[in-house]
Amino acid sequence: MKKQKYIFVIGGVMSGVGKGITTASIGAILESKGFKVNLIKIDPYLNVDAGTMNPTEHGEAFVLDSGLETDQDMGNYERFLNKSLSNDDYITSGMVYRAVIERERNLGYGGKCVEAIPHITDEILMRINRAAMENKSDISVVEIGGTIGDYQNALFIETARILKIKHPEDVMTVLVSYLPIPNTIGEMKSKPTQNAIRQLNSYGVHADMIIARSPLPVDDKRKEKIANATSVPATHIISAPDIESVYDVPLNFEKDKVGEIVMRILRLRKKGSAPGLGAWENFAKSVKTFKKIVKIGIVGKYFDTGDFVLSDAYISVIEALKFSAYSIGVKAELEWINAKSFERGADISTLGKYDGILVPGGFGETGIEGKIRAIQYARENNVPYFGLCYGMQLMVIEYARNVLDLKSAHTTEIVKDSEHPVVHIMPDQEKKLLEKAYGGTMRLGAYPSILKKGSVAAIAYGKEVIEERHRHRYEVNNAYRKMLENGGLIFSGTSPDGLLAEIAELPKKKHPFFLGTQFHPEFKARPLDPHPLFTAFIKASIVSKK
Ligand code: GLN
């Protein structure tokens, strides 16, 4: 039987220094060496999934094909591996506890006392192994969220320890640490890392490799210092200074022989055929060798805690725009426009400086009138427009209000008894809201759509059957579809039964690019496989460039 190998990635010192990118990069390197890899994110919080969390606090909810709403790291994993991951690649404490408690209620433990160890750790292990089986992988890279020392992480670290005892040659641990350079001292300090390793040791887990993150490269002297104070050899301490593009990380790791070190520790034999990192190198080059800049304005609302969080809330959209731009030799320069500002009287014509305008997904009333005005501006001034989910629904509302003259057109998400509910709740969703069953109940995950021959969408995709990921409760109201179509809007994509509007667009002769999707194409955009709709939008934006 094939032996599964496991790499646990754990954070020390502080969070937010690139554990997710490290995990994804190790995965990309091992795949480039011909191994099949699956990446698992463990989130220690009690939410059963990431769908109920506010994006300003926790960043975007990334949706898998299965419909599971997950942490944005899962997006990084899929982008770096260039493949879709399985439902079991995402684990939260909430999921694990729920399963164990439900099993206990069903007498699944046969009258035994159910305890954190071994029952919770067994459940975690079972899920890790199930994910490996589903992905048919050789190696599972498991990222444990947060940092060592967080109480809520202890059972996950304990699971890693138990696994290592059972399979000493098949399990390794990578510590992602941080070496600060305090301004007042001006010197890189290794003590927090030394302490983090000791803390990890106190769990009975030993680091096999350290990814030493720092503003600057970590020199040999510090590597020696860490090596002397711990049991990690200096050659297994990898300097990982801040860099501009996260897509350089796999290449930098490869230069430092991370792949070879992992192979040695896990006793992995070299594969005969391996794809290598050539495609990745080409992509990393395109990030630096663009010829033109295209300016895209993103009209959004998740601004409350500053720009950093904003980019977290829309990370897949941002990355999707960049990938498509790089793939045609340009750089997408993105600017955030707070939709609320147009409601407070900001001049809408300031949108004139953008080559393209995008309204991403969203929920609720905040900024909605500002977004609708931005869409109207794009339509009337021939500025390419791309609407994602809410951005598509609002595009339909704008069209109904300003072209069909249905001035009160709205979505029942905001006005329950709207006179013209051009967007309304999906029939099976109404009951869920009444029961307050909010978690994991939207229309989620991958569904097929059929595209209209010759439409902007069909031409962009180059095919007429597609599959994209969804996350919504509302939809275009079919009672208004004929009227909208007679008014010139084309529903160029629908569910196979024709009942659900998936794409709305204006024909090329009426507008350079005015298209919205009920689904979220951004979830399937990859650096090595940019999304055709984003590419079509960027291309149209270049043409309309002033
Ligand atoms: N709020 C809208 C809905 O629930 C759009 C959701 C979204 O943009 N993801 O249908």
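For the structure, see preceding data.
What counts, and where the lines are drawn
- Residues numbered from 1 in each chain as written.
- Predicted model: local features only at pLDDT ≥ 70, side-chain atom pairs only at ≥ 80, totals over all residues.
- Heavy atoms only, no water.
- Buried < 20%, exposed > 50% of the residue type's maximum accessible area, 1.4 Å probe, protein only.
- Helix = DSSP H or I, 4+ residues; strand = E, 2+ residues; numbered from the N terminus.
- Arc of directions from axis to C-beta.
- Contact = heavy atoms within 4.5 Å.
- Axes fitted to C-alpha atoms, helices over the stretch in contact; angles between N-to-C directions.
- Parallel < 35°, antiparallel > 145°, perpendicular 65-115°, else oblique.
- Left-handed = near helix turned anticlockwise from the far one by under 90°.
- Nonpolar A, V, L, I, M, F, W, Y, C, P; charged D, E, K, R; others polar.
- Core = buried A, V, L, I, M, F, W, Y, C linked by side-chain atoms within 4.5 Å.
- Patch = residues over 30% accessible without salt bridge, like charges linked within 9 Å, V, L, I, M, F, W, Y side chains within 5 Å.
- Areas by Shrake-Rupley, 256 points an atom, 1.4 Å probe, with all protein chains shown as cover.
- Salt bridge = Lys/Arg side-chain N within 4 Å of Asp/Glu carboxyl O.
- Lys, Arg positive; Asp, Glu negative; His and termini not counted.
- Charge placed at Lys NZ, Arg CZ, Asp CG, Glu CD.
- Pairing = 2+ DSSP bridges.
- Near = heavy atom within 4 Å.
- Polar contact = N/O pair within 3.5 Å; in protein donor to acceptor, adjacent residues only side chain to side chain.

A. Seen up close, helix α11 (residues 278-286). Those residues of α11 that fall on the buried side of the exposure criterion are Trp280, Phe283, Ala284 and Ser286. The arc that holds the buried residues of α11, viewed along the axis, is 160 degrees, so those residues lie on one side. Across from the buried face of α11, at angles greater than 90 degrees, the exposed residues are Asn282 and Lys285. Elements in contact with the buried residues of α11: α3 (72-81), α9 (249-255) and α13 (315-327).

B. Seen up close, the packing of helix α15 (residues 368-380) against helix α16 (residues 390-402). It is at 9 Å that the axes of α15 and α16 come closest, and there the two elements cross at 70 degrees. Taken together, α15 and α16 sit at an angle that is classed as roughly perpendicular. Between α15 and α16 lies a crossing of right-handed hand. Packed against α15, whose contacting residues are Ile368, Glu369, Lys371, Ile372, Ile375, Gln376 and Arg379, the element α16 presents Tyr390, Gly391, Leu394, Met395, Ile397, Glu398, Tyr399, Arg401 and Asn402 at the interface. Classifying every residue of the contact of α15 with α16 gives 8 nonpolar, 3 polar and 5 charged.

C. Up close: the nonpolar core. Core analysis: the biggest nonpolar cluster contains 86 residues, and Ile7, Met209, Phe253, Leu321, Leu358, Phe386 and Ile538 have the highest contact counts within it. Apart from the residues lying within four places of it in its own chain, the contact partners of Ile7 are Ile26, Leu30, Ile139, Ser140, Val141, Val142, Met172, Val174, Val262 and Leu266. Leu351, Ala378, Leu394 and Leu406 belong to the second largest nonpolar core, which has 42 residues in total.

D. Broad picture of a positive patch on the surface. A surface patch of positive charge is lined by Lys191, Arg198, Lys221 and Lys225. For the positive patch, the secondary structure elements donating two or more residues are α7 (191-201) and α8 (220-229). Residue position: Lys191 is located in helix α7.

E. The arrangement of the sheet that holds strand β14 (residues 409-411) in detail. On the basis of which strands lie adjacent, the open sheet formed by 3 strands has the order β14-β15-β18 and mixed pairing. Each edge of the open sheet carries a strand with a single partner, namely β14 and β18 (474-476). The mean angle between the axes of side-by-side strands here comes to 30 degrees, regardless of whether they run parallel or antiparallel. With 3 bridges connecting them, strand β15 (residues 420-425) and β18 associate as antiparallel partners. Its bridge partner lying in β18, Val423 is registered against Val476.

F. Local environment of the site of the ligand. Near the ligand you find Gly361, Gly362, Phe363, Cys389, Tyr390, Gln393, Glu413, Arg471, His472, Arg473, Tyr474 and His520, and these make up its full shell. Within the backbone of Arg473, one N or O atom sits 3.0 Å away from an oxygen atom of the ligand. Notes on the ligand: free accessible area 290 Å², of which the protein chains cover 98%. Those elements that place two or more of their residues in the shell around the ligand are α16 and β17 (465-472). Among the residues making up the shell around the ligand, the classes are represented as 4 nonpolar, 5 polar and 3 charged.

G. Broad picture of the sheet that holds strand β6 (residues 139-144). Pairing is parallel across the open sheet formed by 7 strands, whose spatial order is β5-β2-β6-β1-β7-β8-β9. Of all strands in the sheet, those with a lone pairing partner are β5 (90-92) and β9 (237-241), marking the two edges. Each adjacent strand pair in this sheet contributes to an overall mean axis angle of 20 degrees, direction not counted. The sheet contact formed by strand β2 (residues 37-43) and β5 spans 3 bridges and is parallel. The residue of β5 that forms the bridge with Ile42 is Ile91. Contacts between helix α5 (residues 116-135) and the sheet are confined to β1 (5-11), β2, β5 and β6, with β2 contributing the most and set at about 150 degrees to the helix.

H. Structural detail: the environment of Gly387. Relative to the elements of secondary structure, Gly387 occurs in strand β13 (residues 385-388). The buried category is assigned to Gly387, whose relative accessible area is 0%. Between the C-alpha atoms of Gly387 and Ile503, which are 116 residues apart in sequence, the distance is 9.6 Å.

I. Fine view of the pairing of β17. Counting buried positions along β17 gives 6 out of 8 residues, so the element sits mostly inside the fold. Two elements, strand β16 (residues 443-451) and β17, share 8 bridges in a ladder whose sense is antiparallel. In the sheet register, Ile450 faces β17, and the bridge partner there is Val465.

Bear in mind that shape data such as this cannot, by itself, settle questions of function.
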